[in-house]
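One-letter residues, chain by chain:
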Amino acid sequence: FENITQDELAKLKQDILDNGSISIKFMQWYISKLINQEEDNTKYKNIIKYFEDIFDNCPFHSDEETNEIFMNSFGYSLDEIIKEDSLKRIASGSIGQVYRATLIDGRDVAIKVRHPNVEELKENQMLLINLITTLQGFSYFRNNLNLFMDIEDFIDNLNLQIDFKNEVFNNLVFSQTYRNYNRVIIPKVYYYSNDVIVSEFCDGLYYHEIENPYIKKKVSLNFMCFNLESALF
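Along every chain, residues carry numbers that run from 1 in the direction the sequence is written. Thresholds applied to this predicted model are a pLDDT of at least 70 for local features of residues and 80 or more for the giving and counting of side-chain atom pairs; totals over whole chains, interfaces and linings are not thresholded and use all residues. Only heavy atoms go into the side-chain values, all of them from the structure, while hydrogens and water stay out.

Colleague: Is there a simple way to think about the side chain of Gln-28 in this case?
Modeller: Along the chain, Gln-28 turns up in helix H2 (residues 21–36). Residue class for Gln-28 comes out buried when judged on its relative accessible area of 5%. Here the side chain of Gln-28 touches Lys-25 through a polar contact of 3.1 Å, side chain to side chain. Should any heavy atoms of two residues lie within 4.5 Å, those residues are counted as being in contact. Excluding residues within four positions of it along the chain, Gln-28 makes contact with Ile-54, Phe-55, Cys-58 and Ser-94. The helix count covers DSSP runs of H or I at least four residues long, the strand count covers runs of E at least two residues long, and both are numbered beginning at the N terminus. To sort residues, take the accessible area from a 1.4 Å probe on protein chains only and compare it with the maximum for the residue type: under 20% means buried, over 50% means exposed, and anything in between is partly exposed. In protein, a polar contact means a hydrogen-donor-capable atom and an acceptor-capable atom, both N or O and within 3.5 Å, with residues adjacent in sequence counting only if both atoms are side-chain atoms; elsewhere, any N or O pair within 3.5 Å suffices.

Listed below in structure tokens is the structure:
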């Protein structure tokens, strides 16, 4: 990692992006492990910096594929429920991508759509993941290939994120828990399936865009309290 070149990083990144959702999700999980590990992570700084945008700057699938997925989920076209020309791409992650749109009744919504073929990619690439877990059982391969990561943690995390109904369930839990907290905004879910979530669009600022240091400190304290409260519950 200390001696890896920019060209090698570029090729590695392109290979991961070309291999689709599961490879991207694995790299997100792995980079998070490098960032949060207890040992000094300066030797990983090149690879961490080069892959930091892989969390929310993943390849988009086509709008035609989105319409097909939406039709399969709800039995009608996306164009039937949104205002003309209101659909705008916001971001793409490893499992799905997000749009902003306006429903024909005037509500601003965020539409999250799972990337096509995620299940198929998972089945194919699980062959490689199973090989890695097998090699971890042999000290020679585990030590020489540095295979000390908890692959089962990755698989559990992946299975939860692939089915969007889990996200909706968590949304309902958080909405109920924080219903009386006006400093915590949980977007309302309007429609959902395994592959699509249509929810309230809540606009705001990124943390680094807040200029007032007093407001920035209040936001930080609120976020810390939110995490502590959630962990205790």
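Colleague: How should I be thinking about the packing of aromatic side chains in this particular structure?
Modeller: Any two aromatic rings considered together are summarised by their centre-to-centre distance and by the angle between their planes. Any Phe, Tyr or Trp ring, taking Trp's six-membered ring, that has another such ring centre within 6.5 Å forms a pair; planes under 30 degrees apart are called stacked, those over 60 apart edge-to-face, and the others tilted. The full count for this structure, using the stated rule, is 14 aromatic pairs. Between Phe-26 and Tyr-30, the aromatic rings sit 6.5 Å apart at their centres with planes inclined by 10 degrees, giving stacked as the arrangement. One end of the pair is Phe-26 and the other is Tyr-30, both in helix H2 and four residues apart, which spans about a single turn. Of the residues examined, Tyr-30 reaches a relative accessible area of 16% and is grouped as buried. An angle of 55 degrees between the planes, with centres 5.5 Å apart, marks the rings of Trp-29 and Phe-154 as tilted. A residue pair is termed long-range when its members are at least 10 positions apart, and Trp-29 in helix H2 and Phe-154 in helix H7 (residues 151–162) qualify at 125 residues. One exposure class covers both Trp-29 and Phe-154, and it is buried. A network of ring pairs unites the aromatic residues Phe-26, Trp-29, Tyr-30 and Phe-154 as a single cluster. When the NZ atom of lysine or the CZ atom of arginine is within 6 Å of a ring's centre and also within 35 degrees of its normal, the charge is said to sit over that ring. Of note, Lys-13 hangs over the ring of Tyr-50, and the distance from its end group to the ring centre comes to 5.0 Å.

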